[in-house]
Amino acid sequence: MMHNSHKRLPACAVFVLACAGAVVPFARAADTDAASRYQAAIASPARTDADRAADGKRKPAEFLAFAQVRPGMKVLDLVAAGGATSELLALAVAPGGEVWAHNPKASDSLGQRLAQHPQANLHPFVASFDDPVPKDAGPFDLITLVMNYHDIVNAGTDREAMNRRLFAALKPGGRFVVIDNAAREGSGLGATKTLHRIDRAAVIAEVIKAGFVLDGSSDYLHVADDPRDQPFFKMDGRPDDKFALRFVKK
């Protein structure tokens, strides 16, 4: 008498395996959709020639993917300056999303940008670093701070209070993305004024103290051959080493 060596799987196990097989193509489709949206935002005629010239160094597609930007999000962009990042975010969160572009004082270049290409979902506002959150606008899905944490250190800001305020302004599960010019490991805050760089570990230590959890990091802006001994603006056009950190409010 012959015995079948194959055991029949329970129906529930078959269902689970089938669902697991479906996850991969679904995830790939979602990634493809996001990449298409990001490329559409990057290609928008609302962006300036200067924005496009900087894309090689700033890598906007990688930035949007790392920040997990999606339509409908409410975003706070800190120290927006002329608004290059804010406008990119506003394009990427449409339709249905909004971006608040913070500056510590009014920015003429941001005003000119919006005069040339009005964008209804981009809202400039002025506030101090100690409380850089617009009134009656939160809670937010995402807060971004691009290449300016070291400047906030130099301004003498109470960063512990600022980070707690940012934590309170986010929805549960909301993200705080910090990108800055990398100083040498172990330098702490010692290079913020002289080199306009900051130690990655120092940023992590300050931000998690406010209650955030480090959710991810990326080396998409890492430049291995940067000796990190010059300010980024004295690199003679060469890219400088930067780090990208993503924190989450649990």
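Residues numbered from 1 in each chain as written. Predicted model: local features only at pLDDT ≥ 70, side-chain atom pairs only at ≥ 80, totals over all residues. Heavy atoms only, no water.

Engineer: Provide a residue-level description of the environment of Gly186, including the pertinent values.
Structural biologist: Tracing the backbone shows Gly186 in the loop between strand E5 (170-181) and helix H8 (200-209). When the C-alpha positions of Gly186 and Asp199 are compared, they lie 6.7 Å apart, and in sequence the two are 13 residues distant. (Helix = DSSP H or I, 4+ residues; strand = E, 2+ residues; numbered from the N terminus.)

Engineer: Explain the nonpolar core to me, using residue names and the numbers behind them.
Structural biologist: Core analysis: the biggest nonpolar cluster contains 31 residues, and Leu76, Phe140, Tyr149, Leu166 and Phe176 have the highest contact counts within it. Where this core is concerned, the elements lending two or more residues are strand E1 (74-78), strand E4 (140-146), helix H6 (149-154), helix H7 (159-169), E5, H8 and strand E7 (242-248). Look past the residues within four positions of Tyr149 in its chain and what remains in contact with it is Arg159, Met162, Asn163, Val178, Asp180, Ile198, Val203, Glu206 and Val207. With 30 residues, the next largest nonpolar core counts Phe63, Ala80, Val146 and Tyr220 among its residues. (Core = buried A, V, L, I, M, F, W, Y, C linked by side-chain atoms within 4.5 Å. Buried < 20%, exposed > 50% of the residue type's maximum accessible area, 1.4 Å probe, protein only. Contact = heavy atoms within 4.5 Å.)

Engineer: Explain the layout of surface pockets to me, using residue names and the numbers behind them.
Structural biologist: Put simply, the largest pocket is a space of about 510 Å³. Lining of the largest pocket is provided by 24 residues; of these, Arg58, Val146, Met147, Phe232 and Lys242 occupy positions nearest its centre. If you list the elements that add at least two residues to the lining of the largest pocket, you get helix H2 (49-58), E1, helix H4 (84-93) and H6. With 3 residues, H2 is the largest single contributor of residues to the lining of the largest pocket. Taken together, the residues that form the lining of the largest pocket break down as 10 nonpolar, 7 polar and 7 charged. (1 Å grid on protein atoms, 1.4 Å probe; cavity = no way out; pocket = protein on both sides within 12 Å on 5 of 7 lines; lining within 4 Å. Points joined across faces, edges and corners; volume = space filled by probe spheres on them. Nonpolar A, V, L, I, M, F, W, Y, C, P; charged D, E, K, R; others polar.)

Engineer: Just give me the short version of the sheet that holds strand E6 (residues 213-218), but keep the residues and values in it.
Structural biologist: Spatially, 7 strands are ordered E3-E2-E1-E4-E5-E7-E6 in an open sheet, and the strand pairing comes out mixed. Only two strands of the sheet have a single partner each, and these edge strands are strand E3 (122-126) and E6. With strand direction ignored, the average angle separating the axes of adjacent strands in the sheet is 20°. As paired elements, E1 and strand E2 (residues 98-103) share 4 bridges and run parallel to each other. (Pairing = 2+ DSSP bridges. Axes fitted to C-alpha atoms, helices over the stretch in contact; angles between N-to-C directions.)

Engineer: I'd like to hear about the pattern of salt bridges, residue by residue, with values.
Structural biologist: On inspection of all chains with the given rule, the structure shows 14 salt bridges. One salt bridge connects Asp55 with Arg47, and the closest N-O pair in it is separated by 2.8 Å. Accessibility expressed as a relative area gives 16% for Asp55, which makes it buried. On the basis of relative accessible area, Arg47 is assigned to the buried category, the value being 7%. The shortest N-O distance in the salt bridge between Asp240 and Lys242 comes to 2.5 Å. (Salt bridge = Lys/Arg side-chain N within 4 Å of Asp/Glu carboxyl O.)

Engineer: Break down the pairing of E4 for me, citing the residues and quoting the values.
Structural biologist: Most of E4 is tucked away, with 7 of its 7 residues classed as buried. For E1 and E4, the ladder comprises 4 bridges, and the chain directions are parallel. Looking across to E4, one finds that Asp77 is bridged to Thr144. Two elements, E4 and E5, share 6 bridges in a ladder whose sense is parallel. For Leu145, the partnering residue across the bridge sits in E5 and is Val178.

Engineer: Which residues make up H8, and what values do they have?
Structural biologist: For H8, every residue scored as buried is listed here: Ala202, Val203, Ile204, Glu206 and Val207. Residues of H8 that are buried in the fold lie against H6, H7, E5, E6 and E7. One side-chain oxygen of the residue at the start of H8 lies 3.2 Å from the amide nitrogen of Ala201, identifying that residue as Asp199. Directly after H8, the chain includes Gly211, whose backbone phi takes a positive value near 115°. (Polar contact = N/O pair within 3.5 Å; in protein donor to acceptor, adjacent residues only side chain to side chain.)

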